[in-house]
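Chains, contacts and geometry: an overview
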Amino acid sequence: MKNLRLGDMLVEAGYITEEQLQEALQAQSADRSKKIGEHLIDLGFIKEEEMLVVLSKKMDLPLISLETYEIDKEAVALIPEELSRKYNMIAIQTKEENGLIVVTNDPLN
């Protein structure tokens, strides 16, 4: 399953149809500034949460909700705000000596 493209995984998971994927791929051909997932969301075919579930499986990464996670403010300060905004990420916890747990809505960044 990990070698499948995101669009194919969304079809396989039943979140979108093959026709919806083709429409999103056409939109992506016209506007390369967005990834396929963004086009699928913009077209109203999937919700961001659905895409994140599939991405987390594809990349074998846990899916974390920041609404229920206690964020370590000292960890947040370890990444400059400009970098956090650029990559839409935030450090949430330090881990052992040199480790840092970072979350993002786009693990491909």
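Everything numeric in this text was worked out from a predicted model, so none of it was measured.

Observations regarding the overall build of the protein
- Helices and strands together make up the secondary structure of the protein, namely six helices and two strands.
- In sequence order, the protein lays out its α and β elements as α-α-α-α-α-α-β-β.
- Here the protein holds 109 residues, and 24% of them are scored as buried.
- Partitioning the contacts of the protein with sequence separation of at least 6, the portion at a separation of at least 24 is 37%.
- Surface accessibility of the protein: about 7800 Å² in total, with carbon and sulfur atoms responsible for 49%.
- Across the protein, the mean location of the 12 positive side-chain charges is 3 Å away from that of the 21 negative side-chain charges.

Quick word on the side chain of Ser 56
- The residue Ser 56 is located in helix α4 (residues 48-59) in this model.
- The contacts of Ser 56, once residues within four sequence positions are left out, are Leu 61, Pro 62 and Leu 63.

Digging into the confidence of the model for the protein
- Of all residues in the protein, 98% attain a pLDDT of 70 or more, and the chain-wide mean is 89.
- Within the protein, the lowest mean pLDDT, 87, falls on α4, and the highest, 96, falls on helix α2 (residues 18-30).

Calculation criteria
Residues numbered from 1 in each chain as written. Predicted model: local features only at pLDDT ≥ 70, side-chain atom pairs only at ≥ 80, totals over all residues. Heavy atoms only, no water. Helix = DSSP H or I, 4+ residues; strand = E, 2+ residues; numbered from the N terminus. Buried < 20%, exposed > 50% of the residue type's maximum accessible area, 1.4 Å probe, protein only. Contact = heavy atoms within 4.5 Å. Areas by Shrake-Rupley, 256 points an atom, 1.4 Å probe, with all protein chains shown as cover. Lys, Arg positive; Asp, Glu negative; His and termini not counted. Charge placed at Lys NZ, Arg CZ, Asp CG, Glu CD. pLDDT = per-residue confidence, 0-100.

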